[in-house]
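Each chain, written out:
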Amino acid sequence: MKKILVIGATGQIGSELTVKLRSLYGGDNVVAGHIAGISIPECLRDGGPLEEADVLNTKQIAAIVDKYHIDSIFNLAAILSAQAEQRPVLAWNIQINGVLNLLEIAREKNCAVFTPSSIGAFGPSSPKDKTPQDTIQRPQTIYGVSKVTCELLSDYYFHRFGVDTRSVRFPGLISYVTPPGGGTTDYAVDIYYSAVKGEKFYTPVKAGTFMDMMYMPDALHAIVMLMEADPAKLIHRNSFNIASMSFDPEMIYAEIKKHFPTFEMEYRIDALRQSIADSWPNSLDDTCAREEWGWKPEYDLSSMTVDMIKHLKLKNL
Ligand code: AKB
C-alpha cells in the first residue's frame, strides 16, 4: 500500500486528487498537505491526516515524510500562468525551488515524485497542431520556463540518482468542484458557472483560440494510471503529453447553448491571457502516453458539458 503526501491539497487538482487517492489507498495512507492560513475545503477535513506542508520549507516536508513513512509525493503546488506573469519570483520559487526541495527529499528518503507540467511548457516556436511529445520547448512565459525547468530537473534526478519521477503535461482542467485561479484556460470553467447562473458570459480570449482542455475525472485518472504504471514500459517520464479535447470559445459556447438556448456570450479580450494562449499549442499529440502506459480519456466536449451542468445545477449557485 502506498503512503502518500499530497502537496497543494487545497487547490483545484489537489482537493479532488486527495479524495480520489484516499478512496483508492485508504484515508490514513494519504496526507493532505496545505499552506498555513488557507481555508480547508470540507472534503479534506475528515477522512485522513492533514498537515501544514509548505513546498518551500524542506524541514517541514522532510518531517512529514518521516512521520508517515511517505513513499510517494504528489506535488500540486503551483502558480498558474496568468498569475505567474504578475508574480514571477513567487512562481519561480514555488515551481523550481519548491520542486528542487522535494526532489532532494525524495533522493534522501527514497520517494516517488509526481509534479504536473503543462501545455504551457511549449512556446511559439513549438509545432502548433498535434504538438509532438519531443519537440522544441522555448516558452515565453515564466510559467512555461518554470515548467520546462521542472521537467528537466525531474529527468535529471531520475537519470542521475534513480528518483522515480513521473509527470504529465496537463491541458486546461475543467471541474465543478474547486475553481482554478489565475490560469489562461480558466474561462472554460467560468463559462459553465455563468450559464448555470443564467448570466451573460464575457470570454477573455478570441474566437479561433484553440487550446487543449480536459475534464477533471480524466486528469485524476491519468495521474493514478501513470503513478501505477510499470516503470519498465516508460520510455518518457518528464513529462508525457496527454490530451482529450481541443476547442475555442465558439465551440464550448455552442455546446452549452444546446442546454441553455438563451445563454449569451460576448468577447472582452484580456490582452495577457490572449498573448499566453497564442503562444501555446492548439492541440497535443499524446501517442507516447497511449503506447507507454495505456492513457485513454473518457470525456469529450459533449459528455463533459452534460456532466458539468448536471453537477453545477445541484450546487444551487
Ligand atoms: C493555466 O491556464 O495556466 C493552466 C495550464 C494550462 O497549465 N490551466
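The rules behind these values
- Per chain, residues are indexed from 1 in the order of the written sequence.
- Confidence filtering applies because this is a predicted model: local features only for residues at pLDDT of at least 70, side-chain atom pairs given and counted only at 80 or more, and all residues used for totals across whole chains, interfaces and linings.
- Only heavy atoms go into the side-chain values, all of them from the structure, while hydrogens and water stay out.
- UniProt positions are given in the numbering used here, feature names are shortened, and annotations may be inferred rather than shown by experiment.
- Secondary structure counts use DSSP, requiring at least four H or I residues in a row for a helix and at least two E residues in a row for a strand, with both numbered from the N terminus.
- The cutoff for a nearby residue is simple: one of its non-hydrogen atoms must lie within 4 Å of the molecule or strand.
- In the analysis that follows, any N or O atom pair within 3.5 Å is treated as a polar contact, provided that within protein one partner can donate a hydrogen and the other can accept it, and provided that, for residues neighboring in sequence, both atoms belong to side chains.
- A 1.4 Å probe and the Shrake-Rupley method give the accessible areas. Residues count as covered only by the protein chains that appear here.
- In this count, Pro and Cys sit with the nonpolar residues alongside Ala, Val, Leu, Ile, Met, Phe, Trp and Tyr, while Asp, Glu, Lys and Arg are called charged and the others, Gly among them, polar.
- Axes, fitted as lines to C-alpha atoms, cover a helix only where it is in contact. Angles between the N-to-C directions of the axes lie from 0 to 180 degrees.
- Here is the rule for angles: anything less than 35 degrees is roughly parallel, anything more than 145 is roughly antiparallel, 65 through 115 is roughly perpendicular, and the remaining ranges are oblique.
- The hand of a helix crossing depends on one turn: near helix anticlockwise from the far one by less than a right angle means left-handed, and clockwise means right-handed.
- Here, residues are in contact when the closest pair of their heavy atoms is within 4.5 Å.
- Should DSSP find at least two bridges between two strands, the strands are taken to pair.
- Here's how the labels work: a residue is buried when its accessible area is under 20% of the maximum for its type, exposed when over 50%, partly exposed in between, all with a 1.4 Å probe on protein chains only.
- Looking down the strands as they point away from you, a crossover is right-handed if its path from the first strand over the helix to the second goes clockwise.
- Definition of nonpolar core: a set of buried residues of the types Ala, Val, Leu, Ile, Met, Phe, Trp, Tyr and Cys, connected through side-chain atoms within 4.5 Å.
- By the counting scheme adopted, Arg and Lys are positive, Glu and Asp are negative, and His together with the chain ends is not counted.
- Any Lys or Arg side-chain nitrogen located within 4 Å of an Asp or Glu carboxyl oxygen qualifies as a salt bridge.

Novice: A description of the UniProt feature "domain: NAD-dependent epimerase/dehydratase" (unreviewed entry) in the protein should follow, citing residues and the corresponding values.
Specialist: Following the UniProt record, the feature "domain: NAD-dependent epimerase/dehydratase" (unreviewed entry) maps to residues 4–242 here. Secondary structure within residues 4–242 divides into 42% helix and 16% strand; the distance between the first and last C-alpha atoms comes to 23 Å.

Novice: For the site of the ligand, give the residues involved together with the corresponding values.
Specialist: Residues in close proximity to the ligand include Leu80, Ser81, Ser118, Ile119, Tyr143, Pro171, Gly172, Gly183, Thr184, Thr185 and Trp280, which together make up its full environment. Thr184 places a polar main-chain atom, nitrogen or oxygen, 2.7 Å from an oxygen atom of the ligand. Take Thr185: an N or O atom from its side chain is 2.9 Å from a nitrogen atom of the ligand. The fraction of the free accessible surface of the ligand (260 Å²) that becomes covered by protein chains is 94%. Residue composition of the shell around the ligand, by class: five nonpolar, six polar and no charged.

Novice: So, the packing of helix α9 (residues 249–257) against helix α12 (residues 301–314): which residues are in play, and what are the values?
Specialist: At their nearest, the axes of α9 and α12 sit 10 Å apart, and the two run at 55 degrees to each other. When the axis of α9 is compared with that of α12, the two are oblique. In the crossing of α9 with α12, the sense of the turn from one axis to the other is right-handed. From α9, Met251, Ile252, Glu255 and Ile256 reach across to α12, where they touch Leu301, Ser302 and Thr305. Partitioning the contact of α9 with α12 into residue classes produces four nonpolar, two polar and one charged.

Novice: Go over the sheet that holds strand β5 (residues 112–114), please, and point to the residues and values.
Specialist: Reading across the sheet, the six strands line up as β3-β2-β1-β4-β5-β7 and stay open at both edges, with parallel pairing between neighbours. Two strands bound the open sheet, and with one partner strand each, they are β3 (50–52) and β7 (165–166). Judged from the two bridges that link them, β5 and β7 form a sheet pairing that is parallel. Bridging across to β7, Val113 finds its partner in Thr165.

Novice: Report on the sheet that holds strand β6 (residues 117–118), specifying residues and quantitative values.
Specialist: On the basis of which strands lie adjacent, the open sheet formed by three strands has the order β6-β8-β12 and parallel pairing. Looking along the sheet, the strands with just one partner apiece sit at the ends: β6 and β12 (240–241). As paired elements, β6 and strand β8 (residues 168–170) share two bridges and run parallel to each other. Considered in β8, the bridge of Ser117 is made with Arg169.

Novice: Can you lay out the pairing of strand β2 (residues 30–34) for me, pointing to particular residues and giving the numbers?
Specialist: Among the five residues in β2, five count as buried, and that is most of the element. Of the two faces of β2, the one lined by Val30, Ala32 and His34 and the one lined by Val31 and Gly33 are each fully buried. After leaving strand β1 (residues 4–7), the chain enters helix α1 (residues 12–25) and then returns to the sheet as β2, a path that is right-handed. Note: β2 against β3, three bridges, orientation parallel. Each bridged residue has a counterpart across the sheet, and for Ala32 the counterpart in β3 is Leu50.

Novice: Summarise the nonpolar core; cite the residues concerned and give the values.
Specialist: Across soluble globular proteins, you tend to see nonpolar side chains buried next to one another. Core analysis: the biggest nonpolar cluster contains 66 residues, and Ile174, Tyr187, Ile191, Tyr192, Phe247, Ile252 and Met304 have the highest contact counts within it. When residues no more than four places from it in sequence are discounted, the contact partners of Ile191 are Phe201, Ile252, Tyr253, Ile256, Phe263 and Met265. Residues Ile4, Ala32, Ala112 and Trp295 belong to the second largest nonpolar core, which totals 35 residues.

Novice: How would you sum up unusual backbone geometry? Please name residues and give values.
Specialist: The linkage connecting Asn238 with the following residue, Ser239, adopts the cis geometry, with an omega of 20 degrees. Relative to the assigned elements, Ser239 resides in the loop between α8 (216–228) and β12. Although it is not a glycine, Asn316 adopts a positive phi angle of roughly 50 degrees. Relative to the helices and strands, Asn316 is located in the segment after α12.

Novice: So, the side chain of Arg22: which residues are in play, and what are the values?
Specialist: Checked against the element boundaries, Arg22 lands in helix α1. Buried Arg22, no salt bridge; nearest opposite-charge side chain is Asp28, N-O distance 7.6 Å. A polar contact is formed between the side chain of Arg22 and the backbone oxygen of Val30, at a distance of 3.1 Å. Beyond its immediate chain neighbours, meaning those up to four positions away, Arg22 contacts Gly27, Val30, Val31, Ala32, Leu44, Asp46, Gly47, Gly48 and Pro49.

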